[in-house]
Amino acid sequence: MSSPILAFDGVTAGYRGKPAIEAVDLHIQPGELVGIVGPSGSGKSTLLRAVTGTTDIYAGTVTLHDRRVRAGHPTRDIGFVPQLALVEPDTPLRAADAVLHGLAASSRRVPWYSKAERAKASALLERLGLAGYERQPIGELSGGQQQRLLLARAMIADSSLVMLDEPTSGVDLQTLQDILGLLDELNRAGTTIVLTTHDLNWVAASLPRIVCINQRIVADGAPADVMTAEVLERTYGASVRIVRDGDRILVTDDRPHAASTSEAR
Amino acid sequence: MHLLTEPFEFAFFPYALWAGVFVGALCGALGVFVVLRRMSYIGQGLSQSVLGGVAPAVLSGIDPYLGAVAATIVAGLLINRVGRQHGVRPDAAIGIVSTVLFAFGVALVSANRDRAVNLNDLLFGNILGVDSSDITLVAATTAVLAIAGFVFWKPLTFTITDAAGASAHGIRAATVEAAFTIALAAAVVVSIRVVGVLLIAAVIVIPASTSRLFGRSLGPVVIAAAALGAAAAVVGMFVSFHVEIASGPAIVLASGAGFALALIASTLSSVLLVRRARAAHA
Ligand SMILES: Nc1ncnc2c1ncn2[C@@H]1O[C@H](COP(=O)(O)OP(=O)(O)O)[C@@H](O)[C@H]1O
Ligand SMILES: [Mg+2]
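These numbers come from a predicted model, not from an experiment.

Colleague: Just checking my understanding: could you explain empty space enclosed by the protein for this structure?
Modeller: Over the atoms rolls a probe the size of a water molecule, and its path tells where empty space is left. All names here are of chain B. Here the structure, examined in full by the defined rule, presents two cavities of 30 Å³ or more. Considered as a void within the structure, the largest cavity measures approximately 40 Å³ in volume. Taken together, Ser-47, Gln-48, Val-50, Leu-51, Phe-102, Leu-122, Leu-123 and Val-197 make up the full set of residues lining the largest cavity. Those elements that place two or more of their residues in the lining of the largest cavity are helix 3 (42–59) and helix 6 (120–124). For the lining of the largest cavity, the element with the highest residue contribution is helix 3, accounting for four residues.

Shown next as structure tokens:
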């Protein structure tokens, strides 16, 4: 096997001395598309922050592109979509400029971005269904639009690894499918993608590999193998029922007559 | 026209005017980032802290300016560091650091009552005392910071609008924030001569806020804030000359008047937009 693009080896990491993830071993190969699933507070965001160097690592090593990640040191060659936090409506920053921030660390021209870079930002916005919004201040975009904008920002540098923290939470079904379709396209073009989600049915079940986490890794593999009642109960601490319909896997609660198949939060 | 030419018959006036223009533009431009970081009172905090360095300098016979520079930079870095701490908000960090340094200065002054330390110029500014070396200092600081702003525009704007996003995308956000704080400290130190400690927050916050009322993009907002700051300085200096009020308050009053006009214009324009929309959908 080639060397992994991203490797966690025995990683314990957290905040102010308190671990949020423990003894995590996880190797991700170039070109993979991996979903991290788990309930709120299970350490999904912390796992990604351990890669961007924004959480404390107490034990083990995180290796990115064969270089060890150190807390507080900036990482190179990653596109990152943070968990959505809406920006103030009056932030004086236009959508195109926010996308171009994805090039801030690598762009050499001072102080403006080149025509080619600007054209790329426009093309990305268009690809993400935000054509015509280039000059709109970001705070005046809707939540789903801001989410797509952050995705454009993560994509613009053509990083070999793109990580997304809950890219599908709080977006409508159409946007969710657009985002998943786009990630799939990006992945087919060779980009390694790691995303977190708490949406088992719409998101996790459609990915080739999922990692269930609850402080520690509970299971890791293809949805068909991982999404079992036993694993999900250990991950979520709630009992669930799995309905298999050919290739489709559906997670529902196991109360009788439960009509809802909504995500386990 | 006499009103505009008469002041130039006095040797100090061109110096004072230029110093005011540079200070107004510099503080105005930096103010945009300060306001975006919700640290509107950092200018006030930094300038108050100055006393914590000036008092020991004067008492030990060192150039008070050096004391001011040291105190402001120490205060800036401390505010930056304390504000980062879990459980301390930036506004509280400003309050803690600046009042403690200020108290330290006052304590030293009060313990040495026999040796007169004149705080008047420090508190209110003394534009009449501005000479060509002051102008050189203010102009050089403005030039250096303007060039730095150009060169580091991309990481600076990314960090100020989204520090966490910036560090995830390969920007040394903590370094950018510390560097910005030092730049601001430098601007405050060179501005104290002109506007004084008590009014420094105004030259930082008011032009930036006026410009933000209309701007939708960071570059133009920064340029407009610099222009507004410079304009307020020019208007303030002439008013100060003719009406015989101190230059610092005159500059701040001019800036405040500009903000008030902009606020009215912005309110009117939104009222008109609502009316037009109502008419269109009636
Ligand atoms: N900035 C922080 N400071 C202290 N504790 C935190 C911070 N962020 C997250 N935590 C804690 O770490 C744990 C994991 O959080 P997180 O990784 O955000 O979970 P998830 O993304 O799976 O919802 C939680 O217990 C949370 O309270
Ligand atoms: Mg999270």
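Colleague: Can you help me understand the site of ligand 1 in this one?
Modeller: All names here are of chain A. Near ligand 1 you find Tyr-15, Ala-20, Pro-39, Ser-40, Gly-41, Ser-42, Gly-43, Lys-44, Ser-45, Thr-46 and Arg-49, and these make up its full shell. Contacts to ligand 1 include Ser-42, whose backbone N or O atom sits 3.2 Å from an oxygen atom. For ligand 1, whose free accessible area comes to 560 Å², the fraction covered by protein is 62%. A total of four residues in the shell around ligand 1 trace back to one element, the largest contributor, which is helix 1 (residues 44–52). Residues of the shell around ligand 1, tallied by class, amount to three nonpolar, six polar and two charged.

Colleague: Sorry if this is basic, but what is going on with helix 5 (residues 173–188) of chain A here?
Modeller: Residues spaced three or four apart along an α-helix point in a common direction, a consequence of the helix completing one turn every 3.6 residues. Residues and elements named next belong to chain A. With 16 residues, helix 5 ought to run about 22 Å at 1.5 Å a step, and its terminal C-alpha atoms sit 22 Å apart, in line with that. Along helix 5, the positions that sit buried rather than exposed are Thr-175, Leu-176, Ile-179, Leu-180, Leu-182, Leu-183, Leu-186 and Asn-187. Down the axis of helix 5, the buried set is contained in an arc of 160°. They therefore lie on one face. Looking at the buried positions of helix 5, the neighbouring elements they touch are strand 3 (33–37), helix 3 (115–127), helix 4 (143–155), strand 7 (161–165) and strand 8 (192–197). Near the N-terminus of helix 5, the side chain that reaches the backbone nitrogen of Gln-174, with its oxygen 3.0 Å away, is that of Asp-172.

Colleague: Just to check I follow, could you spell out the packing of aromatic side chains for this structure?
Modeller: Two numbers describe a pair of aromatic rings. These are the distance of the centres and the angle of the planes. Residues and elements named next belong to chain B. Counted by the stated rule, this structure contains nine aromatic pairs over all chains. Between Phe-13 and Phe-241 the ring centres are 5.7 Å apart and the planes differ by 80°, which places this aromatic pair in the edge-to-face class. A residue pair is termed long-range when its members are at least 10 positions apart, and Phe-13 in helix 2 (residues 12–36) and Phe-241 in helix 12 (residues 218–243) qualify at 228 residues. Phe-241 shares its class with Phe-13; the two are buried.

Colleague: Even after reading the chapter, I still don't get the nonpolar core, so can you show me in this structure?
Modeller: For soluble globular proteins, nonpolar side chains are generally found buried alongside one another. Core analysis: the biggest nonpolar cluster contains 123 residues, and Leu-149 and Leu-151 of chain A have the highest contact counts within it. Broken down by element, the residue count for this core peaks at 16 residues, all from helix 2 of chain B. Aside from chain neighbours lying at most four places away, what touches Leu-151 of chain A is Val-81, Leu-128, Leu-164, Ile-179, Leu-182 and Leu-183 of chain A. Counting 26 residues, the second-largest nonpolar core is a separate cluster that includes Leu-26, Val-51, Leu-161 and Ile-213 of chain A.

Colleague: Is there a simple way to think about the sheet that holds strand 1 (residues 6–15) of chain A in this case?
Modeller: Hydrogen bonds between backbone groups are what pair the strands of a sheet, and the pairing can be parallel or antiparallel. Residue and element names in this part refer to chain A. An order of 2-1-4-5 is seen for the four strands of this open sheet, with the pairing classed as antiparallel. Every other strand in the sheet has two partners, leaving strand 2 (18–28) and strand 5 (67–68) as the edge strands with one partner each. Of the pairings in the sheet, the one linking strand 1 to strand 4 (residues 56–64) comprises seven bridges and is antiparallel in character. By the bridge assignment for strand 4, Asp-9 is matched with Thr-61. The sheet strands contacting helix 1 are strand 1, strand 2 and strand 4, and the helix crosses strand 1 at an angle near 110°.

Colleague: What am I meant to see in the environment of Val-252 of chain B here?
Modeller: All names here are of chain B. You can see Val-252 is positioned in helix 13 (residues 247–281). Note: C-alpha distance between Val-252 and Val-195 (57 residues apart in sequence) is 8.6 Å. When neighbours within four sequence positions are excluded, Val-252 is seen to be in contact with Leu-199, Ala-202 and Ile-206.

Colleague: Sorry, what's going on with the sheet that holds strand 10 (residues 216–221) of chain A here?
Modeller: All names here are of chain A. Reading across the sheet, the six strands line up as 6-7-8-3-9-10 and stay open at both edges, with mixed pairing between neighbours. The open sheet has two edge strands, strand 6 (78–81) and strand 10, and neither has a second partner. When strand polarity is set aside, the average angle formed by the axes of neighbouring strands in this sheet is 15°. Of the strands in this sheet, strand 6 and strand 7 are in contact with helix 4, which crosses strand 6 at around 170°. Against the sheet, helix 5 engages strand 3, strand 7 and strand 8, with an angle of about 155° to strand 8.

Each value, and the rule that gives it
Residues numbered from 1 in each chain as written. Chains lettered and ligands numbered in written order. Predicted model: local features only at pLDDT ≥ 70, side-chain atom pairs only at ≥ 80, totals over all residues. Heavy atoms only, no water. 1 Å grid on protein atoms, 1.4 Å probe; cavity = no way out; pocket = protein on both sides within 12 Å on 5 of 7 lines; lining within 4 Å. Points joined across faces, edges and corners; volume = space filled by probe spheres on them. Helix = DSSP H or I, 4+ residues; strand = E, 2+ residues; numbered from the N terminus. Near = heavy atom within 4 Å. Polar contact = N/O pair within 3.5 Å; in protein donor to acceptor, adjacent residues only side chain to side chain. Areas by Shrake-Rupley, 256 points an atom, 1.4 Å probe, with all protein chains shown as cover. Nonpolar A, V, L, I, M, F, W, Y, C, P; charged D, E, K, R; others polar. Expected span 1.5 Å × (residues − 1). Buried < 20%, exposed > 50% of the residue type's maximum accessible area, 1.4 Å probe, protein only. Arc of directions from axis to C-beta. Contact = heavy atoms within 4.5 Å. Phe/Tyr/Trp six-rings, centres within 6.5 Å; stacked < 30°, edge-to-face > 60°. Core = buried A, V, L, I, M, F, W, Y, C linked by side-chain atoms within 4.5 Å. Pairing = 2+ DSSP bridges. Axes fitted to C-alpha atoms, helices over the stretch in contact; angles between N-to-C directions.

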